[in-house]
Number of protein chains: 2
Amino acid sequence: MQQPSPAPRKATGRPPRISREEVVDTARRIVTEEGVERLTMRRLASEVGSTPMALYHHVRNKEELLVLLLDDHAARTLRPTELPSEPRERVVAAAAAIHEALCACPWIVEVLTADDLMSTHALWFVEQLVDGLVDCGLSLERAVQGYRAIWYYTAGEIVVRTTAARRRAGNDRPTYREQVFAGLDADEYPRLAQVADRWEPLTAQDTYRDGLRALVAGLLAAH
Amino acid sequence: MQQPSPAPRKATGRPPRISREEVVDTARRIVTEEGVERLTMRRLASEVGSTPMALYHHVRNKEELLVLLLDDHAARTLRPTELPSEPRERVVAAAAAIHEALCACPWIVEVLTADDLMSTHALWFVEQLVDGLVDCGLSLERAVQGYRAIWYYTAGEIVVRTTAARRRAGNDRPTYREQVFAGLDADEYPRLAQVADRWEPLTAQDTYRDGLRALVAGLLAAH
DNA sequence: ACCTGAACACCGTTCAAGT
DNA sequence: ACCTGAACACCGTTCAAGT
């Protein structure tokens, strides 16, 4: 599906004017400068100085283009590094590394969740994560399930936060939540009413790592 | 933004041919029978026997239509019920209720993550969840953060699972993950190689509740 | 082998006019 | 007040032809 780099160039035929690399590079520029929603095959074609259909000679379709883009990003940011040797800390650090890499490209939310594996370049971190959980005493099966729970939490944090941010951008009407919280019935919803005016700053805080630590602790507690 | 039901009907002017209710009902039918991707304003218009532009008299735009659809679903499925009195079990049950409601409408993935509140009809469960965490000994602040961690985990589980399912449907080529796992280097990735052929059945299991219990346990453990 | 032009089959939404 | 028709400004992708 991916990275089966374009068929080996034959000596015959017309020489290529644009390359897959150039297509991906240009796509990345559009996406980082203006957002995914501005990345269209037509726009991309005109940016590389070609026609929409020329692109289809270098990528199968738009979906493949997005996957290539994600892979490209992972290759740049997810390089194996020093991780803590203490296994629990290794689990936290590996998850946080994946999380950080994804934070840097919120545009990829739509591809990110396509499979439980986003890129071969993340594989090393997944290995470290699973291995760390096993070293903490989990069976291999439970370690894989633990990895998945961590992945759900991580993907969810990114999807929720970036979708909320995207919606807020260029939309200064109050949120649906703000409207509801403003007129909250304190008898029916005492806790929510109590915290209503602190909700905004509370949820603006980055609590990814706290939640992650809690989840890891909980996964390990049973054994 | 939502549910400010259409301006009170005046006696003057042309009598309406279609109602907001009819629009939402028809949209729900299309979406449950054929999927969100088939719900277009044009299709919906022809289904209610009208023109695309007539719809804009009943809903602001397509986004509002989707929010109305989600709210409609929540109203049908998220009715307050008996929850366990033991606070920790109440937290788990409230989260599981929200999760179950969302599972029944995977089509709503694209709206679901718009804000940290999907519908007023979920409010009662959020209240129960936060209250349960407080009863377990958390401060109100930490209870809210706990709720958010649970929401990330829940939303992530749904988004990942349904996107994966959507991708698999009508696409019998092996997944990217399958390809990668088939040719995994056992020296570089020993754990992943070890579990490669069990990955499929392992990840097919529904482990939402296990992960949820672990997360809740971890959130409570610190205090 | 690689690229082009024209066309297909769509979108959501605005505008101006009708009843 | 509610609805219609035509149009605007787009999409991704296929097909047939060119070099």
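Residues numbered from 1 in each chain as written. Chains lettered and ligands numbered in written order. Predicted model: local features only at pLDDT ≥ 70, side-chain atom pairs only at ≥ 80, totals over all residues. Heavy atoms only, no water.

1. As for the pattern of salt bridges
Next, step 1: Taken as a whole and assessed by the stated rule, the structure comprises 34 salt bridges over all chains.
Next, step 2: The salt bridge involving arginine 191 of chain A is made with aspartate 135 of chain B; its shortest N-O contact spans 3.7 Å. Of the two residues, arginine 191 of chain A is situated in helix α10 (residues 190–195) and aspartate 135 of chain B in helix α7 (residues 123–135); the pairing between them involves two chains.
Next, step 3: Residue class for aspartate 135 of chain B comes out partly exposed when judged on its relative accessible area of 42%.
Next, step 4: Between arginine 29 of chain B and glutamate 33 of chain B there is a salt bridge whose closest N-O contact spans 3.9 Å. In this pair, arginine 29 of chain B and glutamate 33 of chain B both sit in helix α1 (residues 20–34), four residues apart, roughly one turn of the helix. (Salt bridge = Lys/Arg side-chain N within 4 Å of Asp/Glu carboxyl O. Helix = DSSP H or I, 4+ residues; strand = E, 2+ residues; numbered from the N terminus. Buried < 20%, exposed > 50% of the residue type's maximum accessible area, 1.4 Å probe, protein only.)

2. Examining the relation of the copies chain A and chain B
Both copies of the chain are tied together by a single rotation about an axis and a shift running along it.
Next, step 1: Of the two same-sequence chains, chain A is brought onto chain B (RMSD 0.0 Å, axial shift 0.0 Å) by a rotation of 180°. In the structure described here, the two chain copies are related by an operation that fits a two-fold rotation axis. (Least-squares fit on C-alpha atoms with pLDDT ≥ 70 in both.)

3. Quick look at the interface of chain A and chain B
One widely used convention gives an interface's size as the accessible area the parts lose upon coming together.
Next, step 1: Contact with chain A, which involves 66 residues of that partner, is made by 66 residues of chain B.
Next, step 2: In total, about 6200 Å² of surface goes out of reach between chain A and chain B, with carbon and sulfur atoms giving 65% of it.
Next, step 3: Among the residues chain A hides against chain B, the three largest losses belong to Tyr152, Tyr176 and Arg191 of chain A. Together they make up 13% of the total.
Next, step 4: Linking chain A with chain B are six salt bridges, by the criterion used here.
Next, step 5: At the boundary of chain A and chain B, one finds 10 residue pairs in polar contact (both at pLDDT 80 or more).
Next, step 6: Broken down by secondary-structure element, the contributors of at least two residues to the side of chain A that touches chain B are α4 (62–77), α7 (123–135), α8 (140–168), α9 (176–182), α10, α11 (199–204) and α12 (208–221) of chain A.
Next, step 7: The biggest single contributor to the side of chain A that touches chain B is α8 of chain A, with 18 residues. (Contact = heavy atoms within 4.5 Å. Buried area = accessible area lost by both parts, 1.4 Å probe. Polar contact = N/O pair within 3.5 Å; in protein donor to acceptor, adjacent residues only side chain to side chain.)

4. With respect to the UniProt feature "DNA-binding region" (unreviewed entry) in chain A
Next, step 1: Per the UniProt record, "DNA-binding region" (unreviewed entry) is found at residues 40–59 of chain A.
Next, step 2: Annotation note: span residues 40–59 of chain A, helix share 55%, strand share 0%, distance between end C-alpha atoms 13 Å. (UniProt positions renumbered as here; feature names shortened; annotations may be inferred.)

5. Topic: the protein's contact with DNA strand C
Next, step 1: Near DNA strand C there are 23 residues, and of these Arg17 of chain A together with Arg14, Arg42, Met53 and Tyr56 of chain B occur at the shortest range.
Next, step 2: Among atoms of DNA strand C positioned within 4 Å of the protein, sugar and phosphate together represent 50%.
Next, step 3: Between a phosphate oxygen of DNA strand C and a main-chain N or O atom of isoleucine 18 of chain A, the distance comes to 3.0 Å.
Next, step 4: Here arginine 42 of chain B contributes a side-chain N or O atom positioned 2.3 Å from a base oxygen of DNA strand C.
Next, step 5: Contributions of two or more residues to the surface near DNA strand C are made by α3 (52–55) of chain A together with α2 (41–47) of chain B.
Next, step 6: Counted by class, the surface near DNA strand C contains eight nonpolar, eight polar and seven charged residues. (Near = heavy atom within 4 Å. Nonpolar A, V, L, I, M, F, W, Y, C, P; charged D, E, K, R; others polar.)

6. Comments concerning the protein's contact with DNA strand D
Next, step 1: The environment of DNA strand D is made up of 23 residues, and the closest members are Arg14, Arg42, Met53 and Tyr56 of chain A together with Arg17 of chain B.
Next, step 2: Here DNA strand D approaches the protein such that, of its atoms within 4 Å, sugar and phosphate make up 50%.
Next, step 3: Measuring from a phosphate oxygen of DNA strand D, one finds a side-chain N or O atom of lysine 62 of chain A at 3.0 Å.
Next, step 4: The separation between a phosphate oxygen of DNA strand D and a polar side-chain atom of serine 50 of chain B is 2.8 Å.
Next, step 5: Broken down by secondary-structure element, the contributors of at least two residues to the surface near DNA strand D are α2 (41–47) of chain A together with α3 (52–55) of chain B.

7. Focus: the nonpolar core
Next, step 1: Core analysis: the biggest nonpolar cluster contains 154 residues, and Leu39, Leu44 and Ile150 of chain A together with Leu39, Leu44 and Ile150 of chain B have the highest contact counts within it.
Next, step 2: Once you skip the residues sitting within four places of it in the chain, leucine 44 of chain A turns out to touch Val23, Thr26, Ala27, Ile30, Leu39, Leu55 and Leu65 of chain A. (Core = buried A, V, L, I, M, F, W, Y, C linked by side-chain atoms within 4.5 Å.)

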